[in-house]
Amino acid sequence: MKKISKNTKETGEIAKIFLEKILKTSAKQKGALVVALSGDLGAGKTAFTQAVGKHLGLKDKIKSPTFVIFKKYKIKSKKYKFLYHFDAYRLKNEKELLHLGWEEIIGNKEHIVFIEWPENVSGVIPSNARYIYISHKEKGHRSLELK
Ligand SMILES: Nc1ncnc2c1ncn2[C@@H]1O[C@H](COP(=O)(O)OP(=O)(O)OP(=O)(O)O)[C@@H](O)[C@H]1O
Ligand SMILES: [Mg+2]
């Protein structure tokens, strides 16, 4: 599924559509539902995750976890209790992520996990992860593709 977004408001609408699609098509997860967000610097990965948080009933706005690597949020969803937002931008490899308890986090089926810069830690992204590719288009628009 591929959509063009003109602004963060439209990204919010697209996030809702993608989220519903992901939740519908990932019915039988063993562990966490992992969503990898790929895209250049400033493409809109955090904006997308903020919109997801809003749709999942988060009162506080998600802030970029660049310096802390990840943040955990309690969410109101039938299936998932916590949303994890990872930013692997500063990570050179999988090691640090594993030290942060990655395996345990993605092993829990009550977790929905969004990770920016999955390329930096590709070795530990589960094979059943969903991928969203975000890229810059002309006039500041963004292309968002769910694979
Ligand atoms: N669809 C959009 N249209 C226009 N501007 C957008 C869109 N999505 C995000 N932006 C803006 O682009 C800027 C960067 O967005 P964001 O921080 O979400 O990018 P990112 O992919 O998370 O970047 P990074 O790789 O640095 O983490 C923000 O100012 C945001 O408001
Ligand atoms: Mg970001």
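Conventions used here
- Residues numbered from 1 in each chain as written.
- Chains lettered and ligands numbered in written order.
- Predicted model: local features only at pLDDT ≥ 70, side-chain atom pairs only at ≥ 80, totals over all residues.
- Helix = DSSP H or I, 4+ residues; strand = E, 2+ residues; numbered from the N terminus.
- Rg over C-alpha atoms; globule rule 2.2 N^0.38 Å.
- Buried ≥ 20, exposed ≤ 12 C-beta atoms within 10 Å, placed from the backbone.
- Contact = placed C-beta atoms within 7 Å.
- Near = placed C-beta within 6 Å.
- Nonpolar A, V, L, I, M, F, W, Y, C, P; charged D, E, K, R; others polar.
- Pairing = 2+ DSSP bridges.

Attention shifts here to the overall build of the chain. Summing up its helical and strand segments, the chain has 4 helices and 7 strands in all. Each helix and strand of the chain, placed in order from N terminus to C terminus, yields the pattern β-α-β-α-β-β-α-α-β-β-β. Computed over its C-alpha atoms, the radius of gyration of the chain comes to 14 Å, within 12% of the 15 Å expected for a compact globule of 147 residues. In terms of overall dimensions, the chain has C-alpha extents of about 40 × 35 × 30 Å along its principal axes. Expressed as a percentage of the 147 residues in the chain, the buried residues total 31%. The contacts of the chain with a sequence gap of at least 6 include a subset with a gap of at least 24, amounting to 66%.

Glancing now at the site of ligand 1. The local shell around ligand 1 holds 17 residues, among which Ser5, Gly44, Lys45, Thr46 and Ala47 are the closest. Counting only elements with at least two residues in the shell around ligand 1, the list comes to α1 (8-25) and α2 (45-55). With 3 residues, α2 is the largest single contributor of residues to the shell around ligand 1. Of the residues assigned to the shell around ligand 1, the class counts are 4 nonpolar, 10 polar and 3 charged.

Looking now at the environment of serine 64. Inspection of the secondary structure puts serine 64 in the loop between α2 and β3 (70-74). Owing to 16 C-beta atoms within 10 Å, serine 64 belongs among the partly exposed residues under this scheme. Considered as a pair, serine 64 and lysine 6 are 58 residues apart in the sequence and their alpha carbons are 21 Å apart. If near-sequence neighbours (up to four positions away) are discounted, serine 64 is found in contact with Thr46 and Asp87.

Pairing of strand β2 (residues 33-38) with strand β6 (residues 130-136) involves 4 bridges; the strand directions are parallel. Along β6, the bridge assignment pairs leucine 37 with isoleucine 132. In the sheet, β6 pairs with strand β7 (residues 142-146) via 5 bridges, with the strands oriented antiparallel. Within β7, the residue paired with isoleucine 132 across the bridge is leucine 146. Counted along the chain from β6 to the antiparallel partner β7, the turn is 5 residues long, and its residue lysine 139 has a positive phi close to 60°.

Below, the discussion takes up unusual backbone geometry. With a phi close to 75°, isoleucine 69 is a non-glycine residue in the positive phi region. Along the chain, isoleucine 69 turns up in the loop between α2 and β3. The class for isoleucine 69 is partly exposed, based on 19 C-beta atoms found within 10 Å.

Shape descriptors only; they carry no functional weight alone.
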